[in-house]
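Secondary and tertiary structure notes
What follows is each chain in one-letter form.
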Amino acid sequence: MTLDQPRTRFSDAVRADRAHVWHHLTQHKPFETSDPGLLVKGRGMRVWDADGAEFLDAVSGGVWTVNVGYGRLSIAEAVKEALVEMNFFAQTTGSVPGARFAEKLIEKMPGMSRVYYGSSGTEVNEKAWKMVRQIAALRHGGRKSKILYRQRDYHGSSVTALAACGQAERVRDYGPFTPGFVEVPHCLAYRGQYPDAQDYGLAAADAIEEVILREGPDTVGALCLEPITAGGGVIVPPETYWPRVQEICAKYDILLHLDEVVCGLGRTGDWFGYQHYGLRPDFVTMAKGVASGYAAIACLVTTEEVFDTFKEAPEDEMSHFRDISTYAGCTGGPAAALENMRIIEDEGLLANTRAMGARLMANLRDLADRHAVIGEVRGKGLLCGVELVADRASRAPLAEAAVQQVVAEARARGLIIGKTARALPGMNNTLCLAPALIATEAEIDQITGTLDEALTAVAG
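Now for a quick tour of the structure.

Quick notes on the overall build of the chain
What the chain contains, in helices and strands, is 15 helices and 16 strands. Relative to a compact globule of 460 residues, whose C-alpha radius of gyration would be 23 Å, the chain shows 22 Å and is just as compact. Counting only C-alpha atoms and orienting by the principal axes, one finds that the chain spans roughly 65 × 60 × 45 Å. Looking at the 460 residues of the chain, the share that counts as buried comes to 52%. Considering only intrachain contacts with a sequence separation of at least 6, the fraction spanning at least 24 residues in the chain is 72%. Surface accessibility of the chain: about 20100 Å² in total, with carbon and sulfur atoms responsible for 52%.

Quick notes on the sheet that holds strand β7 (residues 220–225)
Across the sheet, seven strands lie side by side as β4-β10-β9-β8-β7-β5-β6; this open sheet has mixed pairing. In this open sheet, the two edge strands, each paired with only one partner strand, are β4 (114–118) and β6 (181–184). Across the sheet, the axes of successive neighbouring strands diverge by a mean angle of 20 degrees, strand direction being ignored. Relative to strand β10 (residues 298–302), β4 runs antiparallel, the two sharing five bridges. Looking at the pairing, Y116 lines up with L300 of β10.

As for the packing of aromatic side chains
Evaluation of the coordinates by the stated rule reveals seven aromatic pairs. Arranged with centres 5.4 Å apart and planes meeting at 70 degrees, the rings of Y116 and F321 form a pair that is edge-to-face. Taken together, the residues Y116 in strand β4 and F321 in the loop between α11 (304–309) and α12 (332–346) connect sequence positions 205 residues apart. For Y116, a relative accessible area of 22% puts it in the partly exposed group.

Section: the sheet that holds strand β3 (residues 54–57)
Strands sit in the order β1-β2-β3-β14 across an open sheet of four strands; the sheet is mixed. Single-partner strands in this sheet number two, and they are β1 (39–43) and β14 (415–416). As judged from the four bridges shared by β1 and strand β2 (residues 46–49), these two strands associate in the antiparallel manner. Directly across from G42, in β2, lies its bridge partner V47.

Details of the packing of helix α13 (residues 349–370) against helix α15 (residues 441–459)
Two elements in contact, α13 and α15, have axes separated by 10 Å at closest approach and are oriented at 20 degrees. Classified by the interaxial angle, the pair formed by α13 and α15 is roughly parallel. In this structure, α13 meets α15 at a crossing whose hand is right-handed. Of the residues in α15, those in contact with M356, R359, L360, N363, L364, L367 and R370 of α13 are E441, I444, D445, T448, L451 and D452.

Topic: the nonpolar core
Grouped together as the largest cluster of nonpolar side chains are 99 residues, with contacts concentrated most on V245, M286 and L388. Top element by residues in this core is α13. It accounts for eight residues. Apart from the residues lying within four places of it in its own chain, the contact partners of L388 are V373, I374, G375, P397, L398, V403, V406, N429, L431 and L455.

Considering α13
With 22 residues, α13 ought to run about 32 Å at 1.5 Å a step, and its terminal C-alpha atoms sit 31 Å apart, in line with that. Buried within α13 we find L349, L350, T353, M356, G357, L360, M361, N363, L364, L367 and A368. The elements touched by buried residues of α13 are α12, β11 (374–380), β12 (383–391), β16 (430–433) and α15.

Structural notes on the packing of helix α5 (residues 96–107) against α12
Where α5 contacts α12, the two axes come as close as 8 Å, and the packing angle between them is 35 degrees. Relative to α12, α5 is oriented so that their crossing is left-handed. Across from P97, G98, R100, F101, K104 and L105 in α5, the residues of α12 making contact are P334, A335, A337, L338, M341 and E345. Grouping the amino acids of the contact of α5 with α12 by side-chain chemistry returns eight nonpolar, one polar and three charged.

Digging into unusual backbone geometry
Here the bond from G175 into P176 is cis, since omega is 5 degrees, no more than 30 degrees from zero. Positive phi is not limited to glycine here, since R395 has a value of about 60 degrees. With respect to the secondary-structure elements, R395 resides in the loop between β12 and β13 (396–397). Residue R395 is classed as partly exposed on the basis of its relative accessible area, which comes to 35%.

Remarks on the environment of P97
Positionally, P97 belongs in helix α5. Note on P97: relative accessible area 17%, which makes it buried. With 293 residues separating them along the chain, P97 and A390 place their C-alpha atoms 51 Å apart. Every residue in contact with P97, bar those within four places of it in the chain, is listed here: A82, T331, P334, A335 and L338.

Examining the pattern of salt bridges
Any two side chains of opposite charge can pair, so long as their charged atoms come close to each other. Scanning the entire structure with this criterion turns up 35 salt bridges. R413 serves as the salt-bridge partner of E453, at 3.4 Å between the closest nitrogen and oxygen. Taken together, the residues span a long stretch of sequence, with E453 in helix α15 and R413 in the loop between α14 (400–412) and β14 at a distance of 40 residues. The exposure class assigned to E453 is partly exposed, which follows from its relative accessible area of 44%. For R413, a relative accessible area of 35% translates into the label partly exposed. Each of D206, E209, R244, E247 and K251 takes part in a single network of salt bridges with overlapping partners.

What counts and what doesn't
Residue positions are counted from 1 within each chain, in the order its sequence is given. For this predicted model, a pLDDT threshold of at least 70 governs which residues receive local features, and a threshold of 80 or more governs which side-chain atom pairs are given and counted, while totals over whole chains, interfaces and linings are taken from all residues. As a rule here, side-chain values come from all non-hydrogen atoms in the structure, and water together with hydrogens is ignored. By definition, any uninterrupted DSSP run of H or I lasting at least four residues is a helix, any uninterrupted run of E lasting at least two residues is a strand, and each is numbered from the N terminus. Radius of gyration: over C-alpha atoms. The globule rule applied is 2.2 Å multiplied by the number of residues raised to the 0.38 power. Buried residues are those whose accessible area, probed at 1.4 Å on protein chains only, stays under 20% of the maximum for their type, while exposed residues exceed 50% and partly exposed ones sit between those limits. Note on contacts: a residue pair qualifies if any of its non-hydrogen atoms lie within 4.5 Å across the two residues. The accessible surface values rely on the Shrake-Rupley method and a 1.4 Å probe; as for residues, cover is taken only from the protein chains in view. Two strands pair under a simple rule: DSSP has to find at least two bridges between them. The axes used here are C-alpha line fits, helices contributing only the stretch in contact, and every angle between their N-to-C directions lies in the interval 0 to 180 degrees. Between 30 and 60 degrees the pair is tilted, below 30 it is stacked and above 60 it is edge-to-face, where a pair is any two Phe, Tyr or Trp rings, Trp via its six-membered ring, whose centres lie within 6.5 Å. Roughly parallel covers angles under 35 degrees, roughly antiparallel covers those over 145, roughly perpendicular covers 65 to 115, and oblique covers all other angles. Put simply, a crossing is left-handed when the front helix is turned counterclockwise from the back one by less than a right angle, and right-handed when it is turned clockwise. Among the buried residues, those of types Ala, Val, Leu, Ile, Met, Phe, Trp, Tyr and Cys that are joined through side-chain atoms within 4.5 Å form a nonpolar core. Multiplying 1.5 Å by the residue count of a helix minus one yields the expected span of that helix. Just so you know the grouping, Ala, Val, Leu, Ile, Met, Phe, Trp, Tyr, Cys and Pro go in nonpolar, Asp, Glu, Lys and Arg go in charged, and all remaining residues, Gly too, go in polar. The rule for a salt bridge is simple: a side-chain nitrogen of Lys or Arg has to be within 4 Å of a carboxyl oxygen of Asp or Glu.

The quantities given are spatial measurements derived from coordinates; they are silent on function.
This is the structure:
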């Protein structure tokens with residue numbers, strides 16, 4: 001596929017972008033002498049920029065979002081139909097797309113029963129924490145209000161979400177933060193904190209219990225974790241980790257909040273990442289792949305037990321959940337999400353994710369056999385990380401400039417990949433791969449083949 005006269009066609013947009021748009025996560029000083037990148041077309045797993053250059057997107061929109069790929073006309077048509085019929089009314093009332101998607105979503109989540117709509121992952125995570133705080137007020141005299149979060153995990157960009165951020169570079173300069181958030185250790189065995197542990201998964205989980213006991217179990221209301229840490233280095237917890245975490249939460253009456261913003265809607269090869277581990281969460285939050293970026297939608301899903309807490313005292317006008325999200329009332333989001341879910345089902349994309357994820361991991365392990373700069377390969381489904389090191393024996397991380405050069409070399413060869421960025425001081429050394437769930441064998445092989453070339457160009 002080619003673009004007709006791209007430089008002439010989009011020159012006005014490039015000028016406007018350079019003059020007026022503030023890009024996310026970007027240092028803009030270079031744009032004083034060069035043009036910012038503009039992507040103008042996407043089909044399948046490929047995108048084109050304003051100059052007509054074609055790229056294979058191996059990070060699903062840069063932030064693991066476009067799960068079903070670009071150019072899905074049926075999603076656009078579903079959104080159009082919803083907006084023309086009834087585009088918006090505050091979520092104090094309901095909508096047909098909202099009701100239908102909630103029902104469909106709950107079918108995929110045994111044990112869960114209620115969907116609270118929002119418009120971003122940050123937002124619905126904060127909704128969950130507000131519920132935890134209100135439950136503490138309603139049932140525990142306000143005492144059981146602390147929320148635990150994990151090193152390396154990320155839950156959003158607001159000041160309160162940064163209070164629950166386990167990435168030091170993300171939070172630097174933005175404090176003071178909302179009080180009552182407490183960090184627990186990470187669970188990355190490759191960067192092990194417990195050298196004498198016979199079972200690293202159990203040791204990492206037991207470290208959470210140690211924090212609970214230090215803080216006081218009667219003060220801790222919830223534990224918020226990513227099923228698989230994404231931007232903090234693509235960390236798949238050891239197999240023994242999650243059963244112990246569930247046991248600890250039950251032991252101390254602590255609500256389990258799983259942040260599925262990245263893992264949800266098929267990314268790991270199941271509908272949700274937590275479903276690989278047989279967990280029974282109290283809160284599940286999701287965004288990104290819910291509508292594959294075709295509309296802004298996020299969801300907080302809870303159990304009926306959590307829901308019932310907020311209707312126990314109807315005579316008290318302050319006892320219900322006193323919260324609203326303006327754009328949760330837009331019908332385009334759930335309409336897009338419904339069609340997105342239909343595509344995943346009808347095209348067998350969960351099975352494809354498992355198969356292509358296995359192929360991607362096998363290819364990456366083959367690269368590790370040939371490139372000493374690869375310290376570890378890890379992942380599940382089509383969420384994979386490649387940690388780069390300067391020395392395998394010491395596991396010293398590769399310099400961030402060199403990691404960024406690998407990303408640049410891949411892009412110069414027509415492949416867009418990601419990396420841990422402005423997250424962990426001295427440890428932004430993991431390449432991130434999250435191709436769309438529609439990936440084919442040829443596309444997986446192109447990703448790893450191009451990565452091979454990029455690693456060779458940088459590290460030999």
